[in-house]
Amino acid sequence: MKTADKFTLTRVILAPVFFILYFIPVWTGHFASLSVFILIPLLAFAEFTDFLDGFFARRNKEVSDFGKLFDPFADVLLHLGTFCCFVAAGYMPAFILLLIIYREFIMNFIRLIAVRQGVAIAARKGGKLKTVMYVFASFYTLLLESAIRLGFNINIMPQLRAGAVVIYCLCVIAAYSSFIDYLIHFKNILKNIK
């Protein structure tokens, strides 16, 4: 396995690890404060592997069709997993997560169609912006949850939660804008479906 793909695989592995560690304090009633000092660095490292896989793929000339598919797959696993945590905690409305899931699954289906046509769809600028929005939303929400787990009495919590919903709405806009961009850019592939 290439170095870049190992970093992508790390993200695939860390996605369920984050999910489990997020819920251990909920399930057990213990370790809330400790979880903060694990979850924030864990998510930061998982997101950093997205930079590392691209960096090593370009540096070592390891850019491959497999990597072009594996990288967005790993991103989707990580982001959907974190968003599921935030829906369960009441930060993200479930319908927003559903809109994001629809977008991600349809995009993965289009990638599969493209592969069948001999084309690996790499990330475009719109897709990268969408990912940045997902990352920002994840850290914003995790910081809110961390403040609660550390026992801070934040008087403006309703406004901060409302801010999270606004950020999630921006995520949906970025997600569907990039999706439309992919459809326009790769329309010829979709026209040639047999």
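Cut-offs applied
- Note on numbering: residues in each chain are counted from 1, in written sequence order.
- Note on the predicted model: pLDDT of at least 70 is required for a residue's local features to be given, and 80 or more for side-chain atom pairs to be given and counted; whole-chain, interface and lining totals, by contrast, use all residues.
- Calculated side-chain values reflect all of the structure's heavy atoms, with hydrogen atoms and water omitted.
- Here a pair means two rings of Phe, Tyr or Trp (six-membered ring of Trp) with centres within 6.5 Å. Their orientation is stacked below 30 degrees between planes, edge-to-face above 60, and tilted elsewhere.
- Helix and strand labels come from DSSP, where a helix needs a run of H or I of at least four residues and a strand needs a run of E of at least two; each type is numbered from the N terminus.
- Remark: a charge is flagged as sitting over a ring if the NZ atom of Lys or the CZ atom of Arg is within 6 Å of the ring centre and within 35 degrees of the ring normal.
- Each nonpolar core is a collection of buried residues, namely Ala, Val, Leu, Ile, Met, Phe, Trp, Tyr and Cys, held together in the definition by side-chain atoms within 4.5 Å.
- Each residue is assigned to one of three classes by its accessible area relative to the maximum for its type, calculated with a 1.4 Å probe on protein chains only: buried under 20%, partly exposed between the two thresholds, exposed over 50%.
- Between two residues, a contact is recorded if the distance between any of their heavy atoms is within 4.5 Å.
- Expected span of a helix, by definition, is 1.5 Å for each gap between consecutive residues, and there is one gap fewer than residues.
- By salt bridge we mean one thing: a side-chain nitrogen of Lys or Arg within 4 Å of a carboxyl oxygen of Asp or Glu.

1. Quick notes on the packing of aromatic side chains
By the definition in use, this model includes 15 aromatic pairs. An angle of 25 degrees between the planes, with centres 5.5 Å apart, marks the rings of Phe-48 and Phe-51 as stacked. Highlighted residues: Phe-48 and Phe-51, both in helix H2 (residues 32–59), separated by 3 residues, approximately one helical turn. Their ring planes at 70 degrees and their centres at 6.3 Å tell us that Phe-83 and Tyr-168 sit as a pair that is edge-to-face. Residue Phe-83 is found in helix H3 (residues 65–88), and its partner Tyr-168 is found in helix H6 (residues 157–185); the two are separated by 85 residues along the sequence. Clustering of aromatic rings is evident, with ring pairs tying together Phe-18, Phe-19, Tyr-22, Phe-23, Trp-27 and Phe-86. When the ring centre of Tyr-182 is taken as origin, the NZ or CZ atom of Arg-111, which lies over that ring, is 5.6 Å away. The ring centre of Tyr-22 lies 4.5 Å from the NZ or CZ of Arg-149, which sits over that ring.

2. Let's talk about the nonpolar core
Counting residues in each nonpolar core, the largest one holds 33 residues, and the members touching the most others are Phe-18, Tyr-22, Phe-83, Phe-86, Met-92, Ile-100 and Tyr-168. Residue assignment for this core shows that the elements contributing at least two residues are helix H1 (3–28), H2, H3, helix H4 (94–116), helix H5 (125–149) and H6. The element contributing the most residues to this core is H6, with 8 residues. Discounting chain neighbours no more than four positions away, the residues touching Tyr-168 are Phe-86, Tyr-91, Met-92, Pro-93, Ile-96, Ala-137 and Thr-141.

3. What to know about H4
Helix length check: H4, at 23 residues, gives a terminal C-alpha distance of 33 Å against a target of 33 Å (1.5 Å per residue), a fit within 8%. Taken as a whole, H4 has its buried residues at Ile-96, Leu-97, Ile-100, Arg-103, Glu-104, Met-107, Ile-110, Arg-111, Ile-113 and Ala-114. Gly-118, located one to two residues past H4, shows a positive phi value of around 85 degrees.

4. Observations regarding the pattern of salt bridges
Considering all chains together, one arrives at 7 salt bridges under this definition. Close ionic contact of Arg-11 with Asp-53 constitutes a salt bridge, the shortest N to O distance being 3.0 Å. Residue Arg-11 is found in helix H1, and its partner Asp-53 is found in helix H2; the two are separated by 42 residues along the sequence. Among the residues examined, Asp-53 registers a relative accessible area of 6% and is labelled buried.

By themselves these figures say nothing about function.
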